Each structure stands twice: as C-alpha cells, then as structure tokens.
Amino acid sequence: MTTMATTEAITKEIHVDATPETAFKVFTERIGEWWPLEQFSVFQGDTTVAFEGDRIVERLGDQESVWGTVLAYEVAGRVRFTWHPGRPGDDEPTEVEVTFTADGDGTLVTLVHGGWDQLSEEKRAGRVDYDNGWPLVLGRYAALAS
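Quick caveat: nothing in here was measured; it's all calculated off a predicted structure.

Draft legend 1. Structural context of the overall build of the chain. In terms of helices and strands, the chain carries 4 helices and 7 strands. The globule rule puts the C-alpha radius of gyration for 146 residues at 15 Å, and the 15 Å found for the chain is close to it. Considering only residue pairs separated by 6 or more positions, the chain has 50% of its internal contacts joining residues 24 or more positions apart. Counting 12 positive and 26 negative side-chain charges, the chain places the centres of these two groups 1 Å from one another.

Draft legend 2. Quick peek at the pairing of strand E7 (residues 106-114). Summarising burial for E7: 7 of the 9 residues are buried, a large majority. Bridge count between strand E1 (residues 10-16) and E7: 7 bridges; the pairing is antiparallel. Bridge pairing in E7 places Ile-10 opposite His-113. As paired strands, strand E6 (residues 94-103) and E7 are joined by 9 bridges and run antiparallel to one another. Bridge pairing links Ala-102 to Thr-107 in E7.

Draft legend 3. How the structure looks around the sheet that holds strand E4 (residues 63-74). With antiparallel pairing, the 7 strands of this open sheet are ordered in space as E1-E7-E6-E5-E4-E3-E2. Of all strands in the sheet, those bounded by a partner on one side alone are E1 and strand E2 (48-52). When strand polarity is set aside, the average angle formed by the axes of neighbouring strands in this sheet is 25 degrees.

Draft legend 4. Seen up close, unusual backbone geometry. Here Ala-76, not a glycine, exhibits a phi torsion of approximately 70 degrees, which is positive. In this fold, Ala-76 is placed in the loop between E4 and strand E5 (78-83).

Draft legend 5. Local environment of the side chain of Glu-92. With respect to the element layout, Glu-92 can be found in the loop between E5 and E6. Of the polar contacts made by the side chain of Glu-92, one reaches the backbone nitrogen of Ser-120; its length is 3.4 Å. Only 3.2 Å separates the side chain of Glu-92 from the side chain of Lys-123, close enough to count as a polar contact. Apart from the residues within four sequence positions on either side, Glu-92 is in contact with Arg-87, Gln-118, Leu-119, Ser-120 and Lys-123.

What counts and how
- Residues numbered from 1 in each chain as written.
- Predicted model: local features only at pLDDT ≥ 70, side-chain atom pairs only at ≥ 80, totals over all residues.
- Heavy atoms only, no water.
- Helix = DSSP H or I, 4+ residues; strand = E, 2+ residues; numbered from the N terminus.
- Rg over C-alpha atoms; globule rule 2.2 N^0.38 Å.
- Contact = heavy atoms within 4.5 Å.
- Lys, Arg positive; Asp, Glu negative; His and termini not counted.
- Charge placed at Lys NZ, Arg CZ, Asp CG, Glu CD.
- Buried < 20%, exposed > 50% of the residue type's maximum accessible area, 1.4 Å probe, protein only.
- Pairing = 2+ DSSP bridges.
- Axes fitted to C-alpha atoms, helices over the stretch in contact; angles between N-to-C directions.
- Polar contact = N/O pair within 3.5 Å; in protein donor to acceptor, adjacent residues only side chain to side chain.

Structure (structure tokens):
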C-alpha cells in the first residue's frame, strides 16, 4: 500500500469595512495600489501590477511578467486564478481563489491558495513563504478597501 502526503491549502480570512461589490472592485481593479511590490515583485524597481483581461501582469517599462491566468471572475462574489509569479509559462501553477461574502456591515474576504500537491517538492517548499506572506498582502488590501 502506498500513501501520499498531502499539502494542505493555505486559507486566510480578513474582514473589510466595505460592501462585497467594493471589496471585489478594490481587489481586482486596484491591485496595483495595495500589492506590496517593494517586497513581492518579479522585477526590482518602479513596477506596476494589474488584472489585464484574463491575466495578472507585472510590468517594468517594456518588460512584463504574467503572474497568473484568471479562471473565474464573478463580480462581488469570487475571483479564481492560476498563480506562478516569476515562473513564466510555468506548467506547475498553484491556484488562488478569493471569495467575498457579506458579513454584517462589511465583507468577509477569504483567500484559499491550493494546488500544492501537484508541485515538485522544490516548488512545494515555497508554501511556507506564501503562508507567511499572505497576511501582509491582505492587510494592505484591507486597509485600502476599508
């Protein structure tokens, strides 16, 4: 009998003092304002990041790096995308899903970053960095969205 180790998805939640519509819009349309590019960026320098059609793209001058491809886009509900910043054309992306649920006067934003099991052991080791990094990223997002 063979057993396989599973690598659990990362799940992070944060409450935002905004409607689901606003929370979604800030996440998808204003990512370049809240994403900490000074810490988490493919390029060093004066970069930008944005959802562009069905892709998430970081740009520095005429250089671009595709971070992922949008798989689902439901306004005020959820956005789901592949995730492979800094690994162009990666055939082993992880997957991120962010949901926006009305919660009292605001919105519960839940981020689930999964797909770790399908990665090589080397790439799976990056899970720890994401587990530690997502709270900073979501904190900056929540500050702007609220």
